[in-house]
Amino acid sequence: MINVTKSFLPPIENYTKLLEGIWNRAHLTNNGPLLMELEEKLKDYFAAKHFIFLNNGTSAIQIAIKGLGITGEVITTPFSYVATTSSLVWENCEPVFADIDSNSLTIDPKLIEPLITAKTTAILATHVYGIPCDVEGIEKIAKKHKLKVIYDAAHAFGVNYNGKPLVNYGDASTLSFHATKLFHTTEGGGLVANDETIAHRFGYMRNFGHKGQEDFWGVGINAKNSEFHAAMGLCVFPYISEIIEKRKELSELYDRLLINTGIKISRPVVPKGTDYNYAYYPVIFENEAALLTVRDSLNAQYVYPRRYFYPSLSTLNYVKKYEVPVSDEISRKVLCLPLYHGLELDQVKRICQVITQVLRFKS
Ligand SMILES: *Cc1c(COP(=O)(O)O)cnc(C)c1O
């Protein structure tokens, strides 16, 4: 059986070695030494001033919204994982959907400005599949209208754009280190911020607002993470370049076997200046019928690609409706093929054989 993804697991001895330390110290959570070490490593990796490790990527978005004082209307992408939209609604903000660019599949800055009203306070955009948003375009609009910018960078670990880590753009970037993500800590997430005051607020918000034992900076929640999760992160971290390299090799094999081979499949476009992380392998079919036929044929061979991201978030039953034809269409036609560290080149070949056979027979 081949799933769309499979978690990377480091050698178990590396993990148990760290567990022995946890047992010796009996310091299981609340800023233990492993957590501090991981935060420091990731801060350097992101070339950021501040990095705050959290329990997951969804609380990262929620804390970013609250910590940046975002209220009212937030212009966001309809093409992302549901957490991008649900976090806004959970924090009493109203998602206003701007459609995506049909090449990069990220929010189209040209469509943001017409949606700005007196109630708009922020833009929440996703670097979907690790493809950078038009960060320059978004920054220009945000500056002009004094809007905050949050990037949902759950897919963007390891992506560089114009020579710097992509997570450095915007007022804050949120990360997910869920088991299915390129870099993971089993469950986990984090916030990148370069402003001292904002980072401080994020830091106390994750820990009930505590200022020492008997005083409080302000309102907070519990979004801390544990030594056990930090230990997993420390064990996975040394393998990051190997993980990205392997995904690149597999992605390039998919490209060779599927793209420009006469079948009707296309790929999103990664903008120039990007060192990509190969977080996913999305393909866009001619129509939904082709996607469903291919999916069924793959399922019959025990291969399970996933419809990331379907349906378009503008169709959720708790949001206002907006016209987002590109997102609607792409979400019906896009399928993520299996891509993970342990996947073998021969398995990619088999998957591509099934796809090309089905599509050639159809046309
Ligand atoms: C995974 C993901 C999240 C949520 O992260 P969790 O760690 O699972 O809470 C948010 N946004 C996007 C785009 C994601 O892919």
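Since this is a predicted model, take the numbers as computed values, not measurements.

From N to C terminus, the protein includes 11 helices and 17 strands. With the C-alpha coordinates aligned to their principal axes, the bounding extent of the protein is approximately 70 × 55 × 35 Å. Contacts spanning at least 24 positions in sequence make up 71% of the contacts within the protein whose residues lie at least 6 apart. As displayed, the protein has an accessible area near 16,500 Å², and 52% of this comes from carbon and sulfur atoms. Positive and negative charge centroids in the protein, built from 38 and 38 side chains respectively, lie 3 Å apart.

With respect to spatial proximity, 15 residues lie near the ligand, and among them T58, D152, H155, S176 and K181 are the closest. Here an oxygen atom of the ligand and a side-chain polar atom of T58 are 2.6 Å apart. Within the side chain of D152, one N or O atom sits 2.7 Å away from a nitrogen atom of the ligand. If you list the elements that add at least two residues to the shell around the ligand, you get α3 (57-67) and α4 (82-90). Residue classes in the shell around the ligand are distributed as 3 nonpolar, 10 polar and 2 charged.

The pairing of strands in a sheet happens through backbone hydrogen bonds and is either parallel or antiparallel. Across the sheet, which stays open at both edges, the 3 strands sit in the order β13-β15-β17 with antiparallel pairing between neighbours. The two strands at the open ends of the sheet, each matched to only one other strand, are β13 (265-266) and β17 (334-337). Sheet topology places β13 next to strand β15 (residues 281-285); 2 bridges connect them, and they run antiparallel. Across the sheet, I265 pairs through a bridge with F285, a residue of β15. Here helix α8 (residues 240-258) sits on the sheet in contact with β15 and β17, set at roughly 20° to β15.

On to the pattern of salt bridges, then. Per the stated rule, a full pass over the model turns up 16 salt bridges. Between E227 and R25 there is a salt bridge, and its shortest N-O distance comes to 4.0 Å. Note that E227 is positioned in helix α7 (residues 227-236) and R25 in helix α1 (residues 12-25), a separation of 202 residues in sequence. The exposure class assigned to E227 is buried, which follows from its relative accessible area of 0%. Relative accessible area serves as the criterion here: at 38%, R25 is assigned to the partly exposed category. Between D108 and K110 there is a salt bridge; the shortest N-O distance is 3.4 Å. The class of D108 is buried, set by a relative accessible area of 10%.

Moving on, we come to the sheet that holds strand β8 (residues 164-165). The strand order across the open sheet built from 3 strands is β8-β7-β14, with neighbouring strands paired in antiparallel fashion. Lying at the two open borders of the sheet, with one neighbouring strand each, are β8 and β14 (274-275). The pairing of strand β7 (residues 160-161) with β8 spans 2 bridges and is antiparallel. In the strand pairing of β8, N160 is matched with P165.

Our focus in this paragraph is the environment of P271. Among the structural elements, P271 can be located in the loop between β13 and β14. C-alpha of P271 to C-alpha of P132: the two residues are 139 residues apart in sequence and 7.2 Å apart in space. Aside from chain neighbours lying at most four places away, what touches P271 is I131 and P132.

On to α1. The terminal C-alpha atoms of α1 lie 20 Å apart, and with 14 residues this matches the ideal 20 Å at 1.5 Å per residue to within 8%. Those residues of α1 that sit buried are Y15, L19, G21 and I22. Along the axis of α1, the buried residues cluster in a sector spanning 155°; they form a single face. In α1, the exposed positions that point more than 90 degrees away from the buried face belong to K17, E20, W23 and N24. Where α1 is buried, its residues touch α2 (33-45) and α7. Looking one or two residues beyond α1, the residue adopting positive phi is A26, at roughly 50°.

This part is about the domain arrangement of the protein. Domain parsing of the protein yields domain 1 (2-238) and domain 2 (240-362). For domain 1 versus domain 2, the separation of C-alpha centres amounts to 25 Å. Counting residues at the interface gives 46 residues for domain 1, matched by 51 residues for domain 2. Carbon and sulfur atoms make up 66% of the area that domain 1 and domain 2 hide from each other, which totals about 4,000 Å². The largest per-residue losses of area from domain 1 upon contact with domain 2 belong to I2, V4 and Y129, which jointly make up 22% of the total buried on that side. A salt bridge links K320 to E94, with the shortest nitrogen-to-oxygen separation between them at 3.2 Å. Inspection of the region where domain 1 meets domain 2 yields 16 residue pairs in polar contact (both at pLDDT 80 or more). Among the secondary structure elements, those contributing two or more residues to the side of domain 1 that touches domain 2 are β1 (2-3), α4, β4 (94-97) and β7.

Rules of the game
Residues numbered from 1 in each chain as written. Predicted model: local features only at pLDDT ≥ 70, side-chain atom pairs only at ≥ 80, totals over all residues. Heavy atoms only, no water. Helix = DSSP H or I, 4+ residues; strand = E, 2+ residues; numbered from the N terminus. Contact = heavy atoms within 4.5 Å. Areas by Shrake-Rupley, 256 points an atom, 1.4 Å probe, with all protein chains shown as cover. Lys, Arg positive; Asp, Glu negative; His and termini not counted. Charge placed at Lys NZ, Arg CZ, Asp CG, Glu CD. Near = heavy atom within 4 Å. Polar contact = N/O pair within 3.5 Å; in protein donor to acceptor, adjacent residues only side chain to side chain. Nonpolar A, V, L, I, M, F, W, Y, C, P; charged D, E, K, R; others polar. Pairing = 2+ DSSP bridges. Axes fitted to C-alpha atoms, helices over the stretch in contact; angles between N-to-C directions. Salt bridge = Lys/Arg side-chain N within 4 Å of Asp/Glu carboxyl O. Buried < 20%, exposed > 50% of the residue type's maximum accessible area, 1.4 Å probe, protein only. Expected span 1.5 Å × (residues − 1). Arc of directions from axis to C-beta. Domains from an automatic or database assignment. Buried area = accessible area lost by both parts, 1.4 Å probe.

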